[in-house]
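# Report on the structure
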Amino acid sequence: MVRANGAVSLRELARVVQTSEVTVRRDVRALEAEGLLDRRHGGAVLPGGFTRESGFPQKSHLATAEKTAIADCAAGLVEEGEAIVVGAGTTTQELARRLARVPGLTVVTNSLLVAQALAHANRVEVVMTGGTLRGSNYALVGSGAEQSLQGLRVSKAFLSGAGLTAERGLSTSNMLSASVDRALVQAAAEVVVLADHSKLGTDTMFQTVPTDVITRLVTDEAPAHDDRAAAELQALADQGVEIAVAGASGGATNAQGGSGGPGAPGVPGASGASGASGASGGEGGPGRRQRRDVPLPGPRRQVPGAAAGLRSAGPLGEQPGGTERARVADMRRR
């Protein structure tokens, strides 16, 4: 079944061979030990290591419940009237289906699947890149796609990939896809990565987004026995990535690395807050470390004249008047 389809779910295997998923999981583990397949969350795929990339039909059947929860959580990060970019992938396709309800939204994408999900959304404008169609994931790639993104500036980029580690960040198995994703990142002020827990700790061939450029990770809750995913989440949080863990009901627990305080699921020592709107970092509060300034692609806008400077008083005993107004006017001119 894996050779015929490229991927298969444990549930489908159990139904076909008329046995329990526990038995199927044990057999899949044995087949993986022989190098005949690779296990994935909820199923198995053909072995390929760093270079093999599953096509859309295979990936669309893996971790569907997790992708739905992640998409529900990520949609809460998008506000009315925003301009965003959305990369290719099955998880971002799920996100696009939920973005159809956000009025005044502009979505730039290189994914035919994302564009199709938004095609009938009357209040959403869809802008597609140019490029060459890559049929395995229905995405536009190549120099045409990259050139069409030059000079673009949006608030957020939503991306997925084949693997995510604290050491290398987000990665994928295809060079052309990685190059376009890097161009999408350069256009955004914030980078949001959508990755289910099975991708945590997985490293693939081409780096897409370095860890220090990732603003936020939206993921699902890993099983209690998945120590690798928990360790990777903690390492990402320690590097300043905000973590939003989507629950089965579509809610999220937001966490950031630190010590002390109640930990979010799978993130030891991280403090949690309920709801996607609490994802932005802050300071103060028990067990919560101050968020560092995460480097973002592109220039940051600086507002001339800080509030503290505008409120600066004159010498002691001087009444507000011409001198202070001149100081303020001078600061505004600068």
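Above this note sits the structure.
Below is a summary of the structure that appears in this document. Note that this is a predicted model, so its numbers are computed, not measured. (Residues numbered from 1 in each chain as written. Predicted model: local features only at pLDDT ≥ 70, side-chain atom pairs only at ≥ 80, totals over all residues. Heavy atoms only, no water.)

Counting its secondary structure elements, the protein chain contains 12 helices and 17 strands. Taking all 334 residues of the protein chain together, the buried fraction comes to 45%. Taking the contacts inside the protein chain whose residues are at least 6 apart along the sequence as the reference set, 60% of them involve residues at least 24 apart. Summed over all atoms, the accessible surface of the protein chain reaches about 16,400 Å², with 51% contributed by carbon and sulfur. (Helix = DSSP H or I, 4+ residues; strand = E, 2+ residues; numbered from the N terminus. Buried < 20%, exposed > 50% of the residue type's maximum accessible area, 1.4 Å probe, protein only. Contact = heavy atoms within 4.5 Å. Areas by Shrake-Rupley, 256 points an atom, 1.4 Å probe, with all protein chains shown as cover.)

Moving on, we come to a nonpolar patch on the surface. Residues Leu112, Met128, Leu133 and Tyr138 make up a contiguous nonpolar surface patch of about 330 Å² in total accessible area. Here Met128 is to be found in strand β6 (residues 124–128). By relative accessible area, Met128 is classed as partly exposed at 35%. (Patch = residues over 30% accessible without salt bridge, like charges linked within 9 Å, V, L, I, M, F, W, Y side chains within 5 Å. Salt bridge = Lys/Arg side-chain N within 4 Å of Asp/Glu carboxyl O.)

As a further point, take helix α5 (residues 64–75). For α5, which comprises 12 residues, the first-to-last C-alpha distance of 16 Å matches the rise-based estimate of 16 Å (1.5 Å per residue) to within 8%. Looking only at α5, the buried set comprises Glu66, Lys67, Ala69, Ile70, Ala71, Cys73, Ala74 and Ala75. (Expected span 1.5 Å × (residues − 1).)

In this structure, Leu164, Val193, Leu200, Val209, Leu217, Leu236 and Ile243 are the most contacted members of the largest nonpolar core, which totals 28 residues. Sorting the residues of this core by element identifies β9 (154–159), α9 (175–186), β12 (188–194), α10 (227–238) and β15 (242–246) as the ones contributing at least two each. Broken down by element, the residue count for this core peaks at four residues, all from α10. Formed by 26 residues, the second largest nonpolar core is a distinct cluster that contains Ile70, Ala75, Val124 and Val192. (Core = buried A, V, L, I, M, F, W, Y, C linked by side-chain atoms within 4.5 Å.)

Moving on, we get to the side chain of Ser177. Considering the arrangement of structural elements, one finds Ser177 in helix α9. Residues in contact with Ser177, not counting those within four places in the same chain, are Arg134, Asn137 and Val141.

In this section: the packing of α5 against helix α6 (residues 90–99). With their axes 8 Å apart at the nearest point, α5 and α6 run at an angle of 50 degrees to one another. As the angle between them shows, α5 and α6 are arranged oblique. For the element pair α5 and α6, the recorded crossing hand is right-handed. Between α5 and α6, the residues in contact are Lys67, Thr68, Ile70, Ala71, Asp72, Ala74 and Ala75 and Thr90, Thr91, Glu94, Leu95, Arg98 and Leu99, respectively. Taken together, the residues that form the contact of α5 with α6 break down as six nonpolar, three polar and four charged. (Axes fitted to C-alpha atoms, helices over the stretch in contact; angles between N-to-C directions. Parallel < 35°, antiparallel > 145°, perpendicular 65-115°, else oblique. Left-handed = near helix turned anticlockwise from the far one by under 90°. Nonpolar A, V, L, I, M, F, W, Y, C, P; charged D, E, K, R; others polar.)

A separate point is the side chain of Ser111. Secondary-structure assignment places Ser111 in the loop between β5 (105–109) and α7 (112–117). Polar side-chain contacts of Ser111 include one of 3.1 Å to the backbone nitrogen of Val114. (Polar contact = N/O pair within 3.5 Å; in protein donor to acceptor, adjacent residues only side chain to side chain.)

The next point concerns unusual backbone geometry. The phi angle at Gln18 is positive, at roughly 55 degrees, despite the residue not being glycine. For Gln18, the position within the fold is in the loop between α2 (10–17) and α3 (21–33). Its identity is not glycine, yet Tyr138 carries a phi of approximately 55 degrees, on the positive side. Within the secondary structure, Tyr138 is located in the loop between β7 (132–134) and β8 (139–141).

This part is about the environment of Gly144. With respect to the helices, strands and loops of the structure, Gly144 is situated in helix α8 (residues 143–148). In sequence terms Gly144 and Thr129 are 15 residues apart; their C-alpha atoms lie 7.6 Å from each other. In contact with Gly144, not counting residues within four places along its chain, are Gly130 and Gly131.

Pairing is antiparallel across the open sheet formed by three strands, whose spatial order is β10-β11-β13. Two strands in the sheet have a free side with no partner beyond their single neighbour: β10 (163–165) and β13 (206–209). On average, adjacent strands in this sheet sit at an angle of 40 degrees to one another, irrespective of strand direction. Looking at chain direction, strand β11 (residues 169–172) and β13 are connected through three bridges and run antiparallel. (Pairing = 2+ DSSP bridges.)

One can describe the packing of α2 onto α3 by two numbers: an axis separation of 9 Å at closest approach and a directional angle of 110 degrees. One finds that α2 runs roughly perpendicular with respect to α3. Counted together, Leu10, Arg11, Leu13, Ala14 and Val17 of α2 and Glu21, Val24, Arg25 and Val28 of α3 form the full contact between these two elements.

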